[in-house]
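Fold and contact review
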Amino acid sequence: MTTFDDILEEAGTFGRCQKRIFALFCLVSMPWAGVYVGIVFQGFTPDHWCRDPAVVERRQTCGWSLTDARRLTVPQGNRSESSCERYEVDWNATALSCDSGELDLSRIPTTAACKDGWEYDYEGRQSFVTEFDLVCADGWLVDLFQASLNVGFLVGSITIGYLADRFGRKISFLMSNVMNAVTGIMVAMAPNYVALLVFRTLYGFGVKGGWVAGYVLITELVGVEYRRTVGILYQMFFSVGILILPLIAYFISDWRWLQVAITAPYFIFLSYYWFIPESPRWLLSQKQNAKAVKITQAMAKENKKTLSKNIETLTDDNAESRTASFLDLIRTPNMRKHTLILSFNWFTSAVVYQGLIMRLGILGGNVYIDFLISGLLEFPAAFLILFTIERIGRRIPFASANIMAGAACLITAMIPDSMFWFKTVVACIGRLGITMAFEMVVFVNTELYPTFVRNFGVSVCSTLCDVGGIVAPFLLYRLAVIWMELPLIIFGCLAFVAGGLVLLLPETRGMPLPNTIDDIEHPERRMEKAALRSQQQTNLLPTEHISNNKESATV
């Protein structure tokens, strides 16, 4: 019986066909960056204060600057509190000349009721925060905007994951992009905040599910030896999107048009209908052998390869005969340990990664440059992973990345603002560490579950990533009001715990993928099988060599 992996060896494990498809899918990762962290630019909260119509009128009459008008509106004291208060004074009954410095406001009572709205020091830029006045008592609604996206991620990744297994990778990918294109434009056209929240949730539903469907499809089209590299590089193009985002946001200052720019690529991805095939592995699992054979032959032709094996007897060597359930993930000790540790790492990676990026929007520096520099730090992460995982292993780099991120967050919180560049460098190291951890948890997760429950296990654990995404904005923005560095303390503690827990996981370098729960509960047996198989292959080579020599001598 000929397996798909046997045929793929002849058709090309990573030939011209797979490279073309891989390049197309890498483009899918780039706009996802804008969806995921676009809130830094779309939801930017500028300096703001209560609007006083009388002061606004006098400013226009006297030609005051915003600073002069603000002094007559914002009570002196703690800035975060005074920005949401105003002097309670009847300016019509107050004799006030155009010399704004002559009035003593120290004894004037204040009120927290900004009944006339707010003014913003936000020249040339428009965010949904300024349009819908999401400041002061309504500031938590900005957190909800980002949380709603992650609710969409959570529901969408599970739903589209099921649809991809039921109806195919290609159709699920294309349908998610239809939804992304439509809902993305709906977000840009939202008439009010409630509509914005609903459309944003629907937007998240399709974006992550489509990205995952693309990830699964490309890894199923390449040979086993290329899957890990392809998976890491696929994620790395998310970092390319991180670099492009601030450049686009710099030239498109209105949040609605920025949303259109982020959404536009999803219309282009609909053309992939003519450029990408369905996964032959999935077709085989659905007993659609004729279609799988046709696609495999087309791949071989594009790769300029010739198939010699009996392709008509093609089967799926990874077909699962057992249905996975959640109890399989927690019933036995090692499976339970893997599930809990991996779930916590998914949660921590999402909270820390998303939190560090969103923090750039509230630091008060040049958000474009800060975002660009931090994005550049993500590229070494992919190369460090590729360099270390086959030389050192998975566990030590994975744990070290988390611990490095945790230490950097804690140290950054303790560095005074006067040491700006040193603080920036340490913070960037934290960003590098959590990026490595985030990229590693994806494939480490797949190596710690047996075949029949692998896809389901990754889906269950990765839901904690979306839960982390829901928590992150509230954790960052609400705690930063108390103390700007308090979120970093929380991030650091989470990353330290995650790194320590990773050390409790087994090393998987050089180990065959587990096929049963017994392989997980008794790893020593799997090691013995792997060693025996390696020894048999080693012993076979000399025999074949001697046989070949005898045949040559006979000739």
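Here, every reference points to the structure presented above.
For the structure given in this document, a descriptive report is provided here. (Residues numbered from 1 in each chain as written. Predicted model: local features only at pLDDT ≥ 70, side-chain atom pairs only at ≥ 80, totals over all residues. Heavy atoms only, no water.)

Regarding its fold elements, the protein chain presents 24 helices and 4 strands. Within the protein chain, contacts between residues at least 6 apart in sequence are counted, and of these 80% link residues at least 24 apart. In the form shown here, the protein chain has an accessible surface area of approximately 25500 Å², with 63% of it arising from carbon and sulfur atoms. (Helix = DSSP H or I, 4+ residues; strand = E, 2+ residues; numbered from the N terminus. Contact = heavy atoms within 4.5 Å. Areas by Shrake-Rupley, 256 points an atom, 1.4 Å probe, with all protein chains shown as cover.)

Here we take up helix α1 (residues 4–11). With 6 of 8 residues buried, α1 lies mostly within the body of the structure. For α1, the complete set of buried residues consists of Phe4, Asp5, Ile7, Leu8, Glu10 and Ala11. In this structure, the buried side of α1 is in contact with α2 (16–37), α10 (193–221), α11 (224–251), α13 (280–285) and α14 (289–302). Immediately beyond the C-terminal end of α1, within one or two residues, lies Gly12, with a positive phi of roughly 115°. (Buried < 20%, exposed > 50% of the residue type's maximum accessible area, 1.4 Å probe, protein only.)

Phi is positive for Asp133, close to 55°, though the residue is something other than glycine. For Asp133, the location among the structural elements is in the loop between α7 (128–132) and α8 (140–167). You will see that Cys136, though not glycine, has its phi angle at about 55°, which is positive. Looking at the secondary structure, you find Cys136 in the loop between α7 and α8. Its relative accessible area of 22% is what places Cys136 among the partly exposed residues.

If you walk through the whole model with that rule in mind, you get 10 salt bridges. Here Asp143 ties to Arg478 by a salt bridge, and the two come within 2.7 Å at their closest N and O atoms. Residue Asp143 is found in helix α8, and its partner Arg478 is found in helix α21 (residues 454–482); the two are separated by 335 residues along the sequence. For Asp143, a relative accessible area of 0% translates into the label buried. A salt bridge links Glu220 to Arg169, with the nearest nitrogen and oxygen atoms 2.8 Å apart. With Glu220 in helix α10 and Arg169 in helix α9 (residues 169–188), this pair connects stretches of sequence that are 51 residues apart. Note on accessibility: Glu220 and Arg169 belong to one class, buried. In this structure, a network of salt bridges that share partners links the residues Arg359, Asp417, Lys423 and Glu485. (Salt bridge = Lys/Arg side-chain N within 4 Å of Asp/Glu carboxyl O.)

Turning to the environment of Ser400, a few remarks are in order. Along the chain, Ser400 falls in helix α19 (residues 395–414). A relative accessible area of 38% places Ser400 in the partly exposed class. Separated by 102 residues in sequence, Ser400 and Val502 have C-alpha atoms that sit 9.2 Å apart. In this structure the side chain of Ser400 is engaged in a polar contact, spanning 2.7 Å, whose partner is the backbone oxygen of Ile396. (Polar contact = N/O pair within 3.5 Å; in protein donor to acceptor, adjacent residues only side chain to side chain.)

A few words now on the packing of α2 against α8. Relative to each other, α2 and α8 sit at 130°, their axes nearing to 9 Å. In terms of orientation, α2 lies oblique with respect to α8. Side by side, α2 and α8 meet where Trp32, Val35 and Tyr36 of the first sit next to Gln146, Leu149, Asn150 and Phe153 of the second. Of the residues belonging to the contact of α2 with α8, the class tally is 5 nonpolar, 2 polar and no charged. (Axes fitted to C-alpha atoms, helices over the stretch in contact; angles between N-to-C directions. Parallel < 35°, antiparallel > 145°, perpendicular 65-115°, else oblique. Nonpolar A, V, L, I, M, F, W, Y, C, P; charged D, E, K, R; others polar.)

Looking now at the packing of α10 against helix α12 (residues 255–268). At their nearest, the axes of α10 and α12 sit 13 Å apart, and the two run at 25° to each other. By the angle class used here, α10 and α12 are roughly parallel. As for the relative orientation of α10 and α12, their crossing is left-handed in sense. Contact residues: Leu196, Tyr203 and Val207 in α10; Trp255, Gln259, Ile262, Thr263 and Tyr266 in α12. (Left-handed = near helix turned anticlockwise from the far one by under 90°.)

Grouped together as the largest cluster of nonpolar side chains are 134 residues, with contacts concentrated most on Phe25, Phe41, Phe128, Leu196 and Phe371. If you tally residues by element for this core, the top one is α10, at 13 residues. Among residues more than four places away in sequence, those in contact with Phe128 are Ile39, Gln42, Gly43, Asp133, Leu134, Val142, Phe145, Leu196 and Trp255. Ranked by size, the runner-up nonpolar core spans 5 residues in total, among them Cys62, Trp64, Ala69 and Leu72. (Core = buried A, V, L, I, M, F, W, Y, C linked by side-chain atoms within 4.5 Å.)

A ring pair, where both rings are aromatic, is described by two values, the distance of the centres and the angle of the planes. As enumerated under the stated definition, the model contains 28 aromatic pairs in all. Arranged with centres 5.5 Å apart and planes meeting at 75°, the rings of Trp32 and Phe238 form a pair that is edge-to-face. Linking Trp32 in helix α2 with Phe238 in helix α11, this pair joins segments that are 206 residues apart in sequence. By relative accessible area, which is 11% here, Trp32 ends up buried. (Phe/Tyr/Trp six-rings, centres within 6.5 Å; stacked < 30°, edge-to-face > 60°.)

With respect to the helices and strands, Ile171 occurs in helix α9. Looking at Ile171, the relative accessible area reads 39%, which means it is partly exposed. For the pair Ile171 and Ala213, spaced 42 residues apart in sequence, the C-alpha separation works out to 9.4 Å.

Right, let's get into helix α18 (residues 379–388). It helps to recall that an α-helix has 3.6 residues per turn; residues three or four apart then point in one direction. Burial in α18 covers these residues: Phe379, Ala381, Ala382, Ile385 and Thr388. On the buried face of α18, the contacting elements are α11, α17 (367–376), α19 and α20 (420–447).

The next subject is empty space enclosed by the protein. Scanning the model with the defined rule gives 4 cavities of 30 Å³ or more in all. In this structure, the largest cavity spans a volume of roughly 60 Å³. Taken together, Phe41, Tyr122, Arg125, Gln126, Ala249, Ile252, Ser253, Asp254, Trp255, Leu258 and Tyr368 make up the full set of residues lining the largest cavity. For the lining of the largest cavity, the per-class residue count stands at 7 nonpolar, 2 polar and 2 charged. The space that makes up the second largest cavity amounts to roughly 50 Å³. Every residue along the wall of the second largest cavity is listed here: Arg394, Arg395, Phe398, Val444, Leu448, Val502, Leu505, Pro506, Glu507 and Thr508. Grouping the amino acids of the lining of the second largest cavity by side-chain chemistry returns 6 nonpolar, 1 polar and 3 charged. (1 Å grid on protein atoms, 1.4 Å probe; cavity = no way out; pocket = protein on both sides within 12 Å on 5 of 7 lines; lining within 4 Å. Points joined across faces, edges and corners; volume = space filled by probe spheres on them.)

Such coordinate-based values are descriptive only and should not be taken to indicate function.
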